[in-house]
Amino acid sequence: MLPHNRKMQGNVLRSFFGVAFLVWLEGSAANERLPVPPSVRPEGFYCHLHENHTLCRYQNQVSSTCGQIIERGMTQQERELVLMLHNERRAFIANGKELRGDPGPQPPAANMMELTYDEELEFEAQSWADQCIRNHECPQCRSLDRFKVGQNLFWFGHFSGSWEKSVKGWYDEVVDFNSSFVFPFYVIPGVLVGHFTQMTWSSSTKMGCGKLISQPENSNYGQQFFICNYGLAGNLIKSEMYKVGQPCSDCPRGTTCSLRYPGLCNGVPTEKLTVRTPVNVDLSWIPTRPPIVTLHKPNEGPKLDEVLELPPIIVEPPEVPDTPEECIYTCQDSGGCSVKFASIVFFSGSVLGSCFPPSFGGECSGTPEKCEECIGICNGKNGQELTVTLSKGNSSSQIVSNNISETKVPNQESAGSGDTCSYNCQSSGGCSVRINSKGFVSGSVLGSCFSPGFGGKCSGTPTRCQDCLGVCQELTPGEHVRPVSI
């Protein structure tokens, strides 16, 4: 998605991150979206590590710059997913199956550890994600007493990001990695491969991740932060990324070849793992190439004992069109009508409303906030569909009409026995409800509710359905179909 096409590199910046590690406490916070802070840490513990440590300054504090929080934290399913995505790629490298590189293929690894999930690293990564800063904190600001911590960060300037896209973007930097630089580890100035090399650093054994999705104020698009912290931290220049050799041929003492991810070493090493001391070799002969992002002076590479630090991957939102919003009015021959609000940007509230024919009172409900009641717009325009494009300030600037063919519109609502309500329950606490009917439905057909953390306000709920907030309190996240209320 990102690295292979160098033409994209002007729009998409890649970054590197470090590493950290801790023990995942089985069952703890398994059903929680937000991590539980490690209870074994005394008050002020992280402030003693560094006065600006992330867990000293920001525990459970979400920055006001984030705007409206849509989703925050990790589910157990996400934890398992991101761990699997990492270990699958580490095993792919360890077994010598990765043919890409500059040049490739990548050599097999004799001592690549299987990653396990870590609660403290998640708590740390989430605390940084909560600040909505499109950059890393200082390396010392995330180091723990057990080891130095590395970090990968992916920022999307819209709502189309995911863990799959983030991990793939980090790993796909392999296309630019020189396979001879596994040992001694080196990166040509300007070649951004730090995400990939941290993901496949053999002595990294633990990882934990955080996520935040929000809608900043005065922004047409939302944003998504995907952050993973790792331990041990890797990417130490002139150290060893991994030991080249047959998979599992040199696993640390106390570990064996993994059954779930063959080629990786599984278990708890009996001796503490460390990052290999950098070797004192001259790498100045290595040719350089023009940097994608100027991080070093020309022809000047990383120094001995230097840890590679690169900018985060940034995916900017597309340019906002001048008229991104429309109200679409459907005017029926019967005199009834409906209006749908269409927008390519985030919007809360009702998106679909309707009105009875004037002969049935002309009552309207569910009209979207930025649209007008369809009964007025459709006056004298029966049998047409009208598209009203909104300009800035929500005033109509253009009206396009199309004739529509009305096949069957009964004069009264038919409440068939098969009518149902579909409740879409979000893990963030918000929800929506839609009525499903083969007959004519008067009033709103789609409603939604804010999460309780944002007031729990509901709007547009269909007449024969219940507010989704109450229904979803007893249901798991996902879509659930229930009969309509009589």
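Up top is the structure.
Residues numbered from 1 in each chain as written. Predicted model: local features only at pLDDT ≥ 70, side-chain atom pairs only at ≥ 80, totals over all residues. Heavy atoms only, no water.

K.L.:
What is the right way to read the sheet that holds strand β19 (residues 458–459) from this model?
P.N.:
Backbone hydrogen bonds are what pair the strands of a sheet, in a parallel or an antiparallel way. With respect to topology, five strands assemble into an open sheet ordered β19-β18-β17-β16-β20, the strand pairing being antiparallel. Of all the strands in the sheet, just β19 and β20 (478–483) have a single pairing partner and so form its edges. (Pairing = 2+ DSSP bridges. Helix = DSSP H or I, 4+ residues; strand = E, 2+ residues; numbered from the N terminus.)

K.L.:
Please explain the side chain of Asp118 as it appears in this structure.
P.N.:
For Asp118, the location among the structural elements is in the loop between β3 (116–117) and α4 (119–129). By relative accessible area, which is 0% here, Asp118 ends up buried. Of note is the side chain of Asp118, whose polar atom sits 3.0 Å from the backbone nitrogen of Glu120. Engagement of the side chain of Asp118 in a polar contact is seen with the backbone nitrogen of Leu121, the distance being 2.8 Å. (Buried < 20%, exposed > 50% of the residue type's maximum accessible area, 1.4 Å probe, protein only. Polar contact = N/O pair within 3.5 Å; in protein donor to acceptor, adjacent residues only side chain to side chain.)

K.L.:
Can you help me understand the pattern of salt bridges in this one?
P.N.:
Pairing between side chains of opposite charge can happen when their charged atoms approach one another. Throughout the structure, instances matching the rule amount to 15 salt bridges. When the shortest N-O distance is used, the salt bridge between Arg146 and Asp118 registers 3.8 Å. With Arg146 in the loop between α4 and β4 (150–156) and Asp118 in the loop between β3 and α4, this pair connects stretches of sequence that are 28 residues apart. Ionic pairing is found between Arg142 and Glu137, a salt bridge with its closest N-O pair at 3.5 Å. For the pair Arg142 and Glu137, a shared accessibility class is recorded, and that class is buried. Three or more residues are tied together by salt bridges with common partners; here these are Glu98, Arg100, Lys168 and Asp172. (Salt bridge = Lys/Arg side-chain N within 4 Å of Asp/Glu carboxyl O.)

K.L.:
What exactly am I supposed to notice about unusual backbone geometry here?
P.N.:
It is generally the case that most residues other than glycine have a negative phi and that most peptide bonds are trans. That bond from Asp102 to Pro103 is cis: its omega, 5°, falls within 30 degrees of zero. In the segment running from Gly104 into Pro105, the intervening peptide bond is cis, with an omega of -5°. Within the element layout of this structure, Pro105 appears in the loop between α3 (76–94) and β3. Positive phi outside glycine occurs at Asn218, with the angle close to 60°. Secondary-structure assignment places Asn218 in the loop between β5 (206–215) and β6 (223–231).

K.L.:
Looking at this model, I keep getting lost on the nonpolar core. Mind explaining?
P.N.:
One broad trend across soluble globular proteins is that nonpolar side chains are buried collectively. Membership of the largest hydrophobic core comes to 42 residues, with the highest contact counts inside it found for Val82 and Trp170. Those elements that place two or more of their residues in this core are α3, β4, α5 (163–171), α6 (194–199), β5 and β6. Ranked by residue count, the leading element in this core is α3, at six residues. In this structure, Cys371, Cys374, Cys378 and Leu386 belong to the second largest nonpolar core, which totals 15 residues. (Core = buried A, V, L, I, M, F, W, Y, C linked by side-chain atoms within 4.5 Å.)

K.L.:
Whenever I open this one, α4 confuses me. Can you help?
P.N.:
Because the α-helix completes a turn every 3.6 residues, residues three or four places apart line up on one side. Of all eleven residues making up α4, eleven are buried, and the element is well covered by its neighbours. For α4, every residue scored as buried is listed here: Glu119, Glu120, Leu121, Glu122, Phe123, Glu124, Ala125, Gln126, Ser127, Trp128 and Ala129. The opening residue of α4, the one whose side-chain oxygen lies 3.0 Å from the backbone nitrogen of Glu120, is Asp118.

K.L.:
I keep staring at the packing of α3 against α5 and nothing clicks. Help me out?
P.N.:
For any two helices packed against each other, the geometry is given by the interaxial angle and the distance between the axes. With their axes 10 Å apart at the nearest point, α3 and α5 run at an angle of 25° to one another. Taken together, the axis directions place α3 and α5 in an arrangement best described as roughly parallel. For the element pair α3 and α5, the recorded crossing hand is right-handed. Residues Glu78, Leu81, Val82, Leu85, His86, Arg89, Phe92 and Ile93 of α3 pack against Trp163, Glu164, Val167, Lys168, Trp170 and Tyr171 of α5. For the contact of α3 with α5, the per-class residue count stands at nine nonpolar, one polar and four charged. (Axes fitted to C-alpha atoms, helices over the stretch in contact; angles between N-to-C directions. Parallel < 35°, antiparallel > 145°, perpendicular 65-115°, else oblique. Left-handed = near helix turned anticlockwise from the far one by under 90°. Contact = heavy atoms within 4.5 Å. Nonpolar A, V, L, I, M, F, W, Y, C, P; charged D, E, K, R; others polar.)

K.L.:
I tried to follow the packing of aromatic side chains on my own but got confused; where do I start?
P.N.:
For any pair of aromatic rings, the description rests on two quantities: the centre-to-centre distance and the angle between the ring planes. Within this structure, the stated rule accounts for eleven aromatic pairs. When the centroid spacing of 6.1 Å and the interplanar angle of 55° are considered together, the rings of Tyr58 and Trp128 count as tilted. Of the two residues, Tyr58 is situated in the loop between α2 (54–57) and β2 (68–72) and Trp128 in helix α4; the sequence distance between them amounts to 70 residues. Centre to centre, the rings of Phe156 and Phe226 are 5.7 Å apart; their planes meet at 90°, and the pair counts as edge-to-face. Placement of Phe156 in strand β4 and of Phe226 in strand β6 is noted, with a sequence separation of 70 residues between them. The pair formed by Phe156 and Phe226 is uniform in burial state, with each residue classed as buried. In this structure an aromatic cluster arises from ring pairing among Tyr171, Phe177, Phe185, Phe196 and Trp201. (Phe/Tyr/Trp six-rings, centres within 6.5 Å; stacked < 30°, edge-to-face > 60°.)

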